[in-house]
Each structure stands twice: as structure tokens, then as C-alpha cells.
Amino acid sequence: MENLKGKTAFVTGGSKGIGYGIAQKLLANGLNVVLTSRSQESADKAAESLNKEFNTNAALGVAADVRNYTDQVNAVEKAVEAFGGIDVMVANAGLGHFGNIADISIEQWNDVIDTNLTGAFYSLKASLEPLKKSEGYYISISSLAGTNFFAGGTAYNASKFGVTGFTQAAMLDVRQSGIKVSTIMPGTVSSYFNGNEPDASGDWKIQPEDIGELVVDLIKMNPRTLPSKIEVRPSMPPTK
Ligand SMILES: NC(=O)c1ccc[n+]([C@@H]2O[C@H](COP(=O)([O-])OP(=O)(O)OC[C@H]3O[C@@H](n4cnc5c(N)ncnc54)[C@H](OP(=O)(O)O)[C@@H]3O)[C@@H](O)[C@H]2O)c1
């Protein structure tokens, strides 16, 4: 996409953290942004603060739980109604429950898989037609945990290895119809993930807006070329 002005992006889980940083950079580059959250109040609050920051009405908050396919379909419809189409879908919403397999509950397992993995599938499935129409871009936010496994990570690793595999297979399914597909696999990002409160001690971490910049770089890239799987690391993690 050479000219981003007036294009429309949809960011799942854009109320805070990485999704919010992605929304910021997309708005800064002239796109409309529909962002979702499980709560209408949080979605509205985020959209309001972004509209204020960029002196625009181009951000719209919609309540949609990525674990619910009907929610995704309705939210996509709202985006198309509001802005006429969808050019970029970012499947970002996610969470983690960590612990020894003996302690991970059935509910925690289902929450992680339904949100991170099934949510990424629902987000693409629900936006396939608008993306075909726009010859748009689908980007999932996987993780380095989608290629490196660790103790206590059964549910999270399974979900993110799944997101990485899902996204690469989906890329092969849709690229001939003009839809670009990439997965971004960040290391530690300064966000609210797993109860974290971002502060200055996390300045060494990747910042949410850095992932936002990467999303903008991807969608600006000449469409003949597709970076399909991108690992992103803090360049100087603290030595242990
Ligand atoms: N932080 C890291 O170090 C890191 C590294 C690699 C990958 N990631 C991935 O990056 C993505 C974003 O995480 P983050 O670090 O930005 O965490 P975060 O600050 O906790 O933000 C998570 C976002 O996801 C939304 N969300 C959670 N469950 C949802 C659901 N069922 N439906 C819709 N939205 C939902 C939250 O919205 P509400 O709470 O308002 O519903 C929030 O906007 C996740 O997929 C995560 O796995 C994070």
C-alpha cells in the first residue's frame, strides 16, 4: 500500500499495550482505526484518547470478544459500515496463564487457546471478504514463545506455536487472491501483559509503538515482497 491515507485498519485488543501502540502508529500515518476490547467502555476510552492525541475522529472503539465468532463478524460489519471497508486486520488480542502443567486449570488452558489461537483464526475468517476486496493485509501478533518453549508455558507456547503455524498456512491459502499475511513474533514488550505495569524499569523492552512502526513498515512494503514471519527482540536485554 503506497498511500495509507484514508485506508482502514482493524486492531483486536487495541484498548491498551501493543494493540494501542499499533493503533497510534496507524493513525499517525493517516489510517482509520477500529479497535476492539472485551468492554465497550475500555474500547471507547482508548478511541477517545487516540482521537484527542491525533485531533481526529478516525478511531472507533467496538466491544468484541475474540473468543466469540459472532462478535468478530459484527465488529467487522461495524468497521465496514463506518469506514467503507477493511485494508488491514491485526489479530493482536491475547493473554497468558503460566504455571506447571499440574497447576494449569482447564479454564486457564481454554482461555489462552480460545483467545490467542482461535481468536486469530476468527479475526481472519470474519474479515476475509473485505480483505479480498481491498487486497489487504492480515497480521497476527504471535510471540517468540511461538518458536521458543519454556517451563510453565504449556498453554501459552501451544497457543503461540499455533498462531505461528496458523498464520503461515493461511498465508499460503490466500496470497494468490492478493491478501498479504505476516506474523510478528515479539520478545518482551512493555505492556500490561500478565499484570505488568509499564514503568521506567522497562525502558530496555520493546515499546508498543515500536511494533506499531513495524506494522506500518510492513503494509508500506512493495506488495511483490512479503516478510511472512518476523522475530523481534529487545536489542539490549539486561544481562543476567
Ligand atoms: N507483552 C509482551 O511481552 C508480548 C510479547 C510477545 C507477544 N505478545 C502478544 O501481544 C499481544 C498483546 O498483548 P499485550 O502485551 O499488549 O498485553 P496487554 O497490555 O495485556 O493487552 C492485551 C489486549 O488484548 C485485549 N484482549 C484480551 N482478551 C481479549 C478478548 N478475549 N477479546 C478482545 N480483546 C481481548 C485486551 O483488551 P481488554 O482487556 O480491554 O478486553 C487488551 O487490549 C498478545 O497476543 C500477546 O500474547 C506480548
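Predicted, not measured: the structure shown is a model, and the values here were computed from it.

Calculation criteria
Residues numbered from 1 in each chain as written. Predicted model: local features only at pLDDT ≥ 70, side-chain atom pairs only at ≥ 80, totals over all residues. Heavy atoms only, no water. Axes fitted to C-alpha atoms, helices over the stretch in contact; angles between N-to-C directions. Helix = DSSP H or I, 4+ residues; strand = E, 2+ residues; numbered from the N terminus. Left-handed = near helix turned anticlockwise from the far one by under 90°. Contact = heavy atoms within 4.5 Å. Nonpolar A, V, L, I, M, F, W, Y, C, P; charged D, E, K, R; others polar. Polar contact = N/O pair within 3.5 Å; in protein donor to acceptor, adjacent residues only side chain to side chain. Buried < 20%, exposed > 50% of the residue type's maximum accessible area, 1.4 Å probe, protein only. Core = buried A, V, L, I, M, F, W, Y, C linked by side-chain atoms within 4.5 Å. Phe/Tyr/Trp six-rings, centres within 6.5 Å; stacked < 30°, edge-to-face > 60°.

A. Spotlight on the packing of helix α1 (residues 17–28) against helix α2 (residues 40–54). Viewed as axis vectors pointing N to C, α1 and α2 meet at an angle of 35 degrees, and their least axial separation amounts to 11 Å. Judged by the sense of rotation from one axis to the other, the crossing of α1 with α2 is right-handed. Contact residues: Tyr 20, Ala 23, Gln 24, Leu 27 and Ala 28 in α1; Ala 46, Ser 49, Leu 50, Glu 53 and Phe 54 in α2. Partitioning the contact of α1 with α2 into residue classes produces seven nonpolar, two polar and one charged.

B. Layout of the environment of Ser 49. Structurally, Ser 49 can be placed in helix α2. Remark: the alpha-carbon pair of Ser 49 and Ala 59, spanning 10 residues in sequence, is separated by 9.2 Å. A polar contact is formed between the side chain of Ser 49 and the side chain of Tyr 20, at a distance of 2.4 Å.

C. Local environment of unusual backbone geometry. We note that Glu 135 has phi near 50 degrees; this positive angle belongs to a residue other than glycine. One can find Glu 135 in the loop between α4 (106–134) and β5 (137–141). Here Glu 135 falls in the partly exposed class, since its relative accessible area comes to 47%. Residue Asn 194 is not a glycine yet carries a positive backbone phi of 55 degrees. The residue Asn 194 is located in the loop between β6 (180–186) and α6 (208–220) in this model.

D. Up close: the nonpolar core. Formed by 35 residues in total, the largest nonpolar core has its most connected members in Ile 22, Leu 26, Ile 139, Ile 184, Ile 211 and Ile 219. If you list the elements that add at least two residues to this core, you get β1 (8–11), α1, β2 (32–37), α2, β4 (88–91), β5, α6 and β7 (229–232). Discounting chain neighbours no more than four positions away, the residues touching Ile 211 are Ile 18, Ile 22, Ile 141, Ile 184, Pro 186, Ile 206 and Val 232. Counting 22 residues, the second largest nonpolar core, distinct from the first, contains Ala 79, Met 89, Leu 124 and Tyr 138.

E. Representation of the packing of aromatic side chains in the model. Applying the stated criterion across every chain, the model contains eight aromatic pairs. Three or more aromatic residues joined by ring pairs form one cluster here, namely Tyr 69, Phe 121, Tyr 122, Tyr 138 and Phe 166.

Interpretation note: all reported values are geometric properties and have no functional meaning in isolation.
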